[in-house]
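Per-entry structural report
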Amino acid sequence: MSDTRVQTTLPEAPPAPDRNRPAPAPLLTPTGLLTVLLGAALPMIDFFIVNVALPTIDHDLHAGPAMLEMVVAGYGVAYAMLLVLGGRLGDMIGRRRMFLWGLASFGLTSLACGLAPDAWSLVAARVAQGAASALLLPQVLATIQATTTGKQRAKAVSLYGGTGGVSSALGQVLGGLLVSADLAGTGWRAVFLVNVPIAVAAWLLAVRTVPETRSPHPSRVDGPGTALLAVTLITLLLPLTEGRAAGWPLWSWLLLAAFPFAATAFVLVERRAERAGRTPLVPPSLLRIPSVRSGLSMMVPFSIGFGGFMFVVAVALQSGLHYGPFTAGLSLAPLCITYFLASLAGPRLVQRFGRRVVLAGSLIQGAGLLSLALTVSAGWPDVSVAGLAPGMAVLGVGQGMLLPTVMRVVLSELPAAQAGVGGGVMVTTQQSGLALGVATLGTLFLALLPSVGIRDALIAALVTQLVIVLGTTLLALRLPRTLR
């Protein structure tokens, strides 16, 4: 009799959890997405909100042209200079934590701006406000990258891009409304004080709705890279924004001469750090990713044109057409509305047409600029808000199709571990471009004023931006044919 044994197969024990592997980040809820987008809107609004308030600030504080330039430039330079560092800190110590710190700092520095007793105090508070913005904004894109996937990520990035464009236009609309309303006699101070309750509300929402994420392999802050990036941006942006107002003194030319040396030193130090196995502030390998390289190459000219346009239009409408602050801001409402609608349609359009969405957006943007130039040329000095509306609306459609899609391109191939630094590099590029636009197109406009008048100076700025748009259209041909 044979001995037949029944063999039983026991289920394998589950593998032991890897304690070194970070837990997957929870998904970002719709309320959490709304909260981080609200946090993103605050710094973007504040870059532009002071444009329509500058005449009132000049009157109340006796600031003068050079000091008014500093009110704008101080914020922009600090903002652009520290954005990459803000992204790196979020990767290291937690993006939610940095988002909360950034909101708190932004609220406090906004209060300091609103209570500034003199022009120098306002400039110092604006610099601090720019630094707070640099802590806040990079966490938004990094959180979206780390807590969304697929179609949800595409929609979230498009909403982020739409928030950027709408906030830029809304900043001037809201600024004009607040200055005109003169709430409780606050005048221009209201454009800063309004940030305080919004920052508090966003902070309370973020505590409950924004998940904590950080890089799985955090690295130390790149001290030499951070210092050299600061020197590079200061030597370029400070003389370009302040040189004309100060009469192009010797220091402005010395700083411009130092810029290429500072930029070269920054590149060499970052390359050496990466070759040595360290994590530089801006990893050169990041710029070798095709989507990052092609996307950033488009973002620079777009941001230059957009920043210059917002500054020039705010000045021209108030000084040339004698619009009040509210009317000057209201003239941008059609751009704001169509930009947002176009950005919402972006994900579906990209899924169907790929990079042709960017090409079409760039051409539509050019059509809007041409329409505005013809309107100004034919109707000056009796150009109404309604007369500007068609050109503004077309311009908003083109920009709403272009910018969110380009942002999506830049982020599409980024490793999750580099979400923070990648977002920081992208927004630094954007903010530096905005500041360059104010410096270059703004300087062109102001330089032409004495000889040709406001109308022709405005037309020259619009035509210059149109040339930039044509260059952007050609750069769009380098984008990937299909976008993730």
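Calculation rules
Residues numbered from 1 in each chain as written. Predicted model: local features only at pLDDT ≥ 70, side-chain atom pairs only at ≥ 80, totals over all residues. Heavy atoms only, no water. Helix = DSSP H or I, 4+ residues; strand = E, 2+ residues; numbered from the N terminus. Rg over C-alpha atoms; globule rule 2.2 N^0.38 Å. Buried < 20%, exposed > 50% of the residue type's maximum accessible area, 1.4 Å probe, protein only. Contact = heavy atoms within 4.5 Å. Areas by Shrake-Rupley, 256 points an atom, 1.4 Å probe, with all protein chains shown as cover. Lys, Arg positive; Asp, Glu negative; His and termini not counted. Charge placed at Lys NZ, Arg CZ, Asp CG, Glu CD. Phe/Tyr/Trp six-rings, centres within 6.5 Å; stacked < 30°, edge-to-face > 60°. pLDDT = per-residue confidence, 0-100. Axes fitted to C-alpha atoms, helices over the stretch in contact; angles between N-to-C directions. Parallel < 35°, antiparallel > 145°, perpendicular 65-115°, else oblique. Left-handed = near helix turned anticlockwise from the far one by under 90°. Nonpolar A, V, L, I, M, F, W, Y, C, P; charged D, E, K, R; others polar. Core = buried A, V, L, I, M, F, W, Y, C linked by side-chain atoms within 4.5 Å. Polar contact = N/O pair within 3.5 Å; in protein donor to acceptor, adjacent residues only side chain to side chain. Patch = residues over 30% accessible without salt bridge, like charges linked within 9 Å, V, L, I, M, F, W, Y side chains within 5 Å. Salt bridge = Lys/Arg side-chain N within 4 Å of Asp/Glu carboxyl O.

**Focus: the overall build of the protein**
Within the protein one finds 18 helices and zero strands. Here the C-alpha atoms of the protein give a radius of gyration of 24 Å, agreeing with the 23 Å that 2.2 N^0.38 yields for 484 residues. With the C-alpha coordinates aligned to their principal axes, the bounding extent of the protein is approximately 115 × 50 × 45 Å. Out of the 484 residues belonging to the protein, those deemed buried represent 54%. Put simply, 84% of the contacts in the protein that link residues at least 6 apart link residues at least 24 apart. Approximately 20400 Å² of the protein is accessible, and the part contributed by carbon and sulfur atoms is 67%. When the 31 basic and 18 acidic side-chain charges of the protein are each reduced to a single mean position, those positions are 12 Å apart.

**Quick notes on the packing of aromatic side chains**
Scanning the model with the defined rule gives four aromatic pairs in all. Here the aromatic rings of Tyr75 and Tyr79 are separated by 5.5 Å at their centres, their planes lie at 70 degrees, and the arrangement is edge-to-face. Here the residue Tyr75 and the residue Tyr79 both occupy positions in helix H3 (residues 64–93), the gap between them amounting to four residues, near one helical turn. Overall, Tyr79 belongs to the buried group, its relative accessible area being 0%. Measuring from centroid to centroid gives 6.0 Å for Phe302 and Phe306, while their planes differ by 10 degrees, and the two rings are stacked. One end of the pair, Phe302, and the other, Phe306, are both in helix H13 (residues 290–319), four residues apart, so they sit about a helical turn from each other.

**Re the confidence of the model for the protein**
Averaged over the protein, the pLDDT score is 83; the fraction of residues at 70 or greater is 91%. In the model, residues 1–14 has pLDDT below 50 throughout and makes zero contacts with residues more than four positions away in sequence or in other chains.

**Focus: the packing of helix H1 (residues 30–48) against helix H9 (residues 195–209)**
Two quantities define a packed helix pair, namely the angle between the axes and the distance from one axis to the other. Where H1 contacts H9, the two axes come as close as 9 Å, and the packing angle between them is 150 degrees. In terms of axis orientation, H1 runs roughly antiparallel to H9. Between H1 and H9 lies a crossing whose hand is left-handed. Only Asn195, Ile198, Ala199, Ala202, Leu205, Ala206 and Thr209 of H9 make contact with H1, whose side of the interface consists of Thr31, Gly32, Thr35, Leu38, Leu42 and Asp46. Looking at side-chain class alone, the contact of H1 with H9 contains seven nonpolar, five polar and one charged residues.

**Quick notes on the environment of Val394**
If you trace the backbone, Val394 turns up in helix H17 (residues 385–412). Take Val394: its relative accessible area is 32%, and that puts it in the partly exposed class. Separated by 30 residues in sequence, Val394 and Ile364 place their C-alpha atoms 6.6 Å apart. If we skip the residues at most four places from it in the chain, Val394 touches Ile364, Ala367 and Gly368.

**Considering unusual backbone geometry**
Trans peptide bonds make up most of the peptide bonds, and negative phi angles are found at most residues other than glycine. In the segment running from Trp380 into Pro381, the intervening peptide bond is cis, with an omega of 5 degrees. By the element assignment, Pro381 lies in the loop between helix H16 (356–379) and H17. The phi dihedral of Asp182 falls on the positive side, at around 50 degrees, and the residue is not glycine. Among the secondary structure elements, Asp182 is positioned in the loop between helix H7 (150–181) and helix H8 (190–193).

**Focus on the packing of helix H4 (residues 95–114) against helix H6 (residues 138–147)**
Viewed as axis vectors pointing N to C, H4 and H6 meet at an angle of 155 degrees, and their least axial separation amounts to 10 Å. The orientation of H4 relative to H6 falls into the category roughly antiparallel. Here H4 runs over H6; the crossing is left-handed. Of the residues in H6, those in contact with Arg95, Met98 and Phe99 of H4 are Gln139, Val140, Ala142, Thr143 and Ala146. Split by residue class, the contact of H4 with H6 holds five nonpolar, two polar and one charged.

**Points about the nonpolar core**
In this structure, Tyr160, Phe309 and Met426 are the most contacted members of the largest nonpolar core, which totals 107 residues. For this core, the element with the most residues is helix H18 (residues 419–475), which contributes 16 residues. By size, the runner-up hydrophobic cluster in this structure holds 25 residues, among which are Ala63, Val123, Ala125 and Val179.

**Some thoughts on the environment of Ser297**
Residue placement: Ser297 occurs in helix H13. Setting aside chain neighbours within four positions, we find Ser297 in contact with Leu475 and Arg478. A distance of 2.7 Å separates the side chain of Ser297 from the backbone oxygen of Ser294, its partner in a polar contact.

**So, a nonpolar patch on the surface**
A grouping of Val200, Trp203, Leu204 and Val207 is seen on the molecular surface, where their side chains present a nonpolar patch of about 340 Å² in accessible area. Looking at the element boundaries, Leu204 is found in helix H9.

**Points about the side chain of Thr472**
Note on placement: Thr472 falls in helix H18. Judged by its relative accessible area of 2%, Thr472 falls in the buried class.

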